[in-house]
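Descriptive analysis of the structure
In case you want the letters, here they are:
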Amino acid sequence: MRSHILAFAGGVLCLQMQPELPVVGNWVLTGVLLLLPQLRWHGAASRWLSVIACAALGFAWAAWRADVRLADQLDPAWEGRDVILSGVVAALPQDFSQGSRFEFDTEVVETPGARVPAHINLSWYQGRHDDESFERLPVRPGERWRFTVRLKRPHGNANPGVFDYEAWLLERNIRATGYIRPDPAERLNDMVWRPDYAIERLRHAVRASFLTTLPVEHYPWVGILVALAVGDQKAIQGDLWSIFNRTGVTHALSISGLHVTMVAALFGWLVNAGWRRQPWLAQRLPAQKAGVLAACLAALFYSLLAGFAVPAQRTLIMLMVAAVAMLSGRLLAPSRTLALALWVVLLFDPWACLAAGFWLSFGAVAALLYVGSAQVGAATGWGQRLRDWGLVQWAATLASLPILLLLFQQLSLVSPLANALAIPVISFILTPLALLAALVPWWPILAAAHWVLDILMAFLVWCAVWPVWQAPAPPLWVAGVAAWGVALCLLPRGVPGRWLGACLVVPALFWPVDRPPAGEAWITVLDVGQGLATVVQTREHSLIYDPGPLYSAESDAGQRVVVPYLRSLGLNRIDMLMVTHRDSDHSGGAASVLAALQVGEVRSSLTEAVGERCRAGQRWVWDGVVFEVLHPTDEIYAREGKSNHLSCVLRVEAGGHRMLLVSDIEAADEADLLKRIPGKLLADVLLVPHHGSKTSSTEAFLEAVNARAAVIPVGYRNRFGHPKAEVVERYLRRGIDPWRTDRDGAVRVQLNEQGTQLSGWRAAHRRYWFGR
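Here the structure is a predicted model, which is why all the values come from computation and not from measurement. (Residues numbered from 1 in each chain as written. Predicted model: local features only at pLDDT ≥ 70, side-chain atom pairs only at ≥ 80, totals over all residues. Heavy atoms only, no water.)

**Things to note about the overall build of the chain**
Under the convention used in this document: Here a strand is any run of E in DSSP of at least two residues, a helix any run of H or I of at least four, and the numbering for each starts at the N terminus. Throughout, radius of gyration means the C-alpha value; the globule benchmark is 2.2 Å times the number of residues raised to the power 0.38. Relative accessibility decides the category of a residue: with a 1.4 Å probe and only protein chains considered, values under 20% of the type maximum give buried, values over 50% give exposed, and everything between is partly exposed. The contact rule is simple, with two residues in contact once any of their heavy atoms fall within 4.5 Å.
Summing up its helical and strand segments, the chain has 27 helices and 26 strands in all. On C-alpha atoms alone, the chain measures out to a radius of gyration of 29 Å, which is about the 28 Å that the 2.2 N^0.38 rule sets for 772 residues. Judged by the C-alpha coordinates and their principal axes, the chain covers about 100 × 65 × 60 Å. Of all 772 residues assigned to the chain, the portion counted as buried reaches 50%. Partitioning the intrachain contacts of the chain with sequence separation of at least 6 by distance along the chain shows that 70% fall at a separation of at least 24.

**Quick notes on helix α17 (residues 476-489)**
Stated formally: Given a helix with a known number of residues, its expected span is that number minus one, times 1.5 Å. Throughout, the arc means that of the directions going from the helix axis to the C-beta atoms.
For α17, spanning 14 residues, the distance from its first C-alpha to its last is 20 Å, which sits close to the expected 20 Å at 1.5 Å a residue. Considered for burial, the residues of α17 that qualify are Val478, Ala479, Ala482, Gly485, Val486 and Cys489. Taken end-on, α17 shows its buried residues confined to a sector of 110°, consistent with a single buried face. More than 90 degrees from the buried face of α17, the exposed residues found are Leu476, Trp477 and Trp484.

**Focus: the packing of aromatic side chains**
The condition is simple: Aromatic contacts are taken between Phe, Tyr and Trp rings whose centres are within 6.5 Å, Trp giving its six-membered ring; a plane angle under 30 degrees counts as stacked, one over 60 as edge-to-face, and the others as tilted. Sitting over a ring, as applied to charges here, requires NZ of Lys or CZ of Arg to be within 6 Å of the ring centre and within 35 degrees of the ring normal.
Evaluation of the coordinates by the stated rule reveals 23 aromatic pairs. Clustering of aromatic rings is evident, with ring pairs tying together Phe102, Phe104, Trp124, Trp145 and Phe147. Across the ring face of tryptophan 78, the terminal group of arginine 81 is positioned such that the distance to the ring centre comes to 3.8 Å. Here the basic side chain of arginine 101 rests over the ring of phenylalanine 96, its NZ or CZ set 4.4 Å away from the ring centre.

**Comments concerning the side chain of serine 50**
What counts here: Identification of polar contacts relies on pairs of N or O atoms within 3.5 Å, with a donor-acceptor requirement for protein atoms, meaning one able to donate a hydrogen and the other able to accept it, and with residues adjacent in sequence counted only if both atoms are side-chain atoms.
Within the element layout of this structure, serine 50 appears in helix α3 (residues 44-71). A polar atom in the side chain of serine 50 sits 2.8 Å from the side chain of histidine 4. Beyond its immediate chain neighbours, meaning those up to four positions away, serine 50 contacts His4, Leu34, Leu35 and Gln38.

**Here we look at unusual backbone geometry**
The amide bond that connects histidine 631 to the next residue, proline 632, takes the cis arrangement and shows omega of 10°. For the peptide bond that leads from histidine 722 to proline 723, omega is -5°, which places it in the cis range. Structurally, proline 723 is set in the loop between β23 (709-712) and α25 (725-733). Its identity as a non-glycine residue notwithstanding, aspartate 623 has a phi of 55°, on the positive side. Judged by relative accessible area, aspartate 623 falls into the partly exposed class, the value being 24%. Positive phi, normally seen in glycine, also occurs at histidine 691, with a value near 60°.

**Description of the pairing of strand β5 (residues 144-152)**
The test is simple: Should DSSP find at least two bridges between two strands, the strands are regarded as paired.
Where strand β1 (residues 82-89) meets β5, seven bridges bridge the pair, whose relative direction is antiparallel. If you follow aspartate 82 over to β5, its bridge partner there is arginine 150. Sheet topology note: the β5/strand β7 (residues 186-189) ladder contains three bridges and is antiparallel. Directly across from arginine 144, in β7, lies its bridge partner asparagine 189. Strand direction decides the pairing type here: β5 and strand β6 (residues 177-180), joined by four bridges, are antiparallel. Looking across to β6, one finds that arginine 150 is bridged to tyrosine 179.

**Some remarks on the environment of tyrosine 768**
With respect to the helices, strands and loops of the structure, tyrosine 768 is situated in the segment after α27 (761-764). When the C-alpha atoms of tyrosine 768 and leucine 15 are compared, they prove to be 9.1 Å apart, with 753 residues separating the residues in sequence. Discounting residues that sit within four places of it in the chain, tyrosine 768 has contacts with Leu15, Gln16, Gln18, Pro19, Glu20, Leu21, Ala66, Leu70, Leu170 and Trp351.

**Regarding the packing of helix α1 (residues 2-16) against α3**
Heads up, the condition is: Where helices are involved, their axes are fitted lines through C-alpha atoms of the stretch in contact, as for all axes, and angles between N-to-C directions lie from 0 to 180°. Note on terminology: angles under 35 degrees are roughly parallel, angles over 145 are roughly antiparallel, angles of 65 to 115 are roughly perpendicular, and the others are oblique. By convention the crossing between two helices is left-handed if the near helix lies anticlockwise of the far one by an angle smaller than a right angle, and right-handed if it lies clockwise. Three categories are distinguished: nonpolar for Ala, Val, Leu, Ile, Met, Phe, Trp, Tyr, Cys and Pro, charged for Asp, Glu, Lys and Arg, and polar for the others, with Gly belonging to the last.
At a minimum axis separation of 7 Å, α1 and α3 run at an interaxial angle of 40°. With respect to α3, the element α1 is oriented oblique. Pair α1 / α3 crosses with right-handed handedness. Residues Ser3, His4, Ala7, Phe8, Gly11, Val12, Cys14, Leu15 and Gln16 of α1 form the contact with α3, whose own contacting residues are Arg47, Ser50, Val51, Cys54, Ala55, Leu57, Gly58, Phe59, Trp61, Ala62 and Ala63. Taken together, the residues that form the contact of α1 with α3 break down as 13 nonpolar, six polar and one charged.

Dropping the structure here:
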């Protein structure tokens, strides 16, 4: 059974790697035909055919689910147009600096001809405009509203090593995103009674109670308690996640299997103990069985209250299977229970395998079962219990190593120590107190939990200064080899060949950084939405040309795109950060980059910024690649005007070929360059000025540059309408079909003696959900 379920899971995972959806019927037929030999023959060959059949059926199942889900889509003709609709707030709203964001179930579309998906995500911007204060209308799960909205199809930034937002939207069944127009919104019903809405309303009430009882201004850890009670990890302040990541305790602050198991065990024990004291109850149902049923119900309730994430699903299913086996008097091996949980999770959610939590959850439990299978007898004495606890920490840490390196490119060296204290404190003290406070909203309970957090956070802050192992993301096959190495390392003491496991893990830990050859430059224009972030790499050096936009008070491109991208390359230090000008769509990510990476030098046109000003005439050579700043001059700095006119223009030359990076210069700046240095503008590739605005890309400038390729850094359906149609037409008339980050994702430009090569991330790593 286990091999068949693993084959089914492999088929599901394989489907998620496909660039296009296959014909489902062909794979169903393949699976059925491979199962036919089982009807007459039962040898090894037929068993292997049945395993292959399960893989084909898993592939077909995931393809069918994807086909059904993608069919519910927004008509492209209705993107960006006003649509009046009514429906229900379906999930816990998330507040941000300018309003709130929530999932919405569409019930009625009132605009004639419009077709809107059943489940969408809406942002409601309510805040200050022109120093006038607006009172926010509260939004709660289960409320029915009528809104005027503008929607767009699912779209996210596409970059190497960065979170795939489009895949996340697909997994959540969010088939369109958009925002609520200023037209008056109308609350139609205070509560629509449906089980899932009622659970979300309960989660909202618990969160509101916690935040009211412990105001975040005075109790900075209250968001952690919210996360432990209702699974709302967004309640945790963003700067705390860096501490949790560096100490390796992130898993303990999400609703893990240990939390669900602890709650189930506690309620099961209480019911069991009380049941035994009532003979008339015990006569009807044995206390042990009553305790098991109570444990399952408690696990179900807590899993739903906590948002029903993959770790909670896995634990709940395992508990349910174990309970059925116990109640029926059958004995089921733990590994079979885990396999059944895997099968049910993927039946319910075939996209779960795209989440890091899926691999960490199932991988850690599989490692613990693997190690535990070699232990004989129950632990006796504190020494043996401590040894077993250490073995559990060792197994969990080692099992997560390939996953962490593949997905996050880092491994906390202090994780075993941090988890040795954090896991018992969070699981056996903080989580029970948080749940008790959810049931009994009394200040002393939450205050006691917060006091415990004060002590724990002081310890974690101390641990966070310890070094973190960081390496480039290894290839998938290297991570797979490392997983086999982990399995060998976890074999019982005395088994020959354990040393070979360590050898198999080493390549993943020391995988080399992929660098250009000497004399070659790699220039990657990242997809950061409406803004600019570009990374230039030479053999031994790296430069960031603008760190990207500020998205909100809580996030920016430096944190969400630039730093994860550089870490996926294995780069923890950059030689230069060039912030071209003040506009937040170019400079907004600077603080995050400076906080997360070692930066050798900063150059910018901002007068108040640290570092040196970028000035025309600055020139340096890295590894045979020539860099030269062409703009602005001291005369331009002396003028007063728009910050766009101060944009740092950088020319990169490698192997006799050039790329011109011009940021947000406008027509006047182009004219100044043409007047001063017309001969230096010639380039093979041009970063299109000002995102394709009509204020730039004059005919004279394009003639002087004479580029053969161009890249437009632009956001999907941005509010400025960039790039302008007339500007794109100028490039097309010159035989240039510009690359666009909203269409192509991150664009890689390679400059070398052979010429220039351009490639887009979306085309090179296409997935079936891109653009759908």
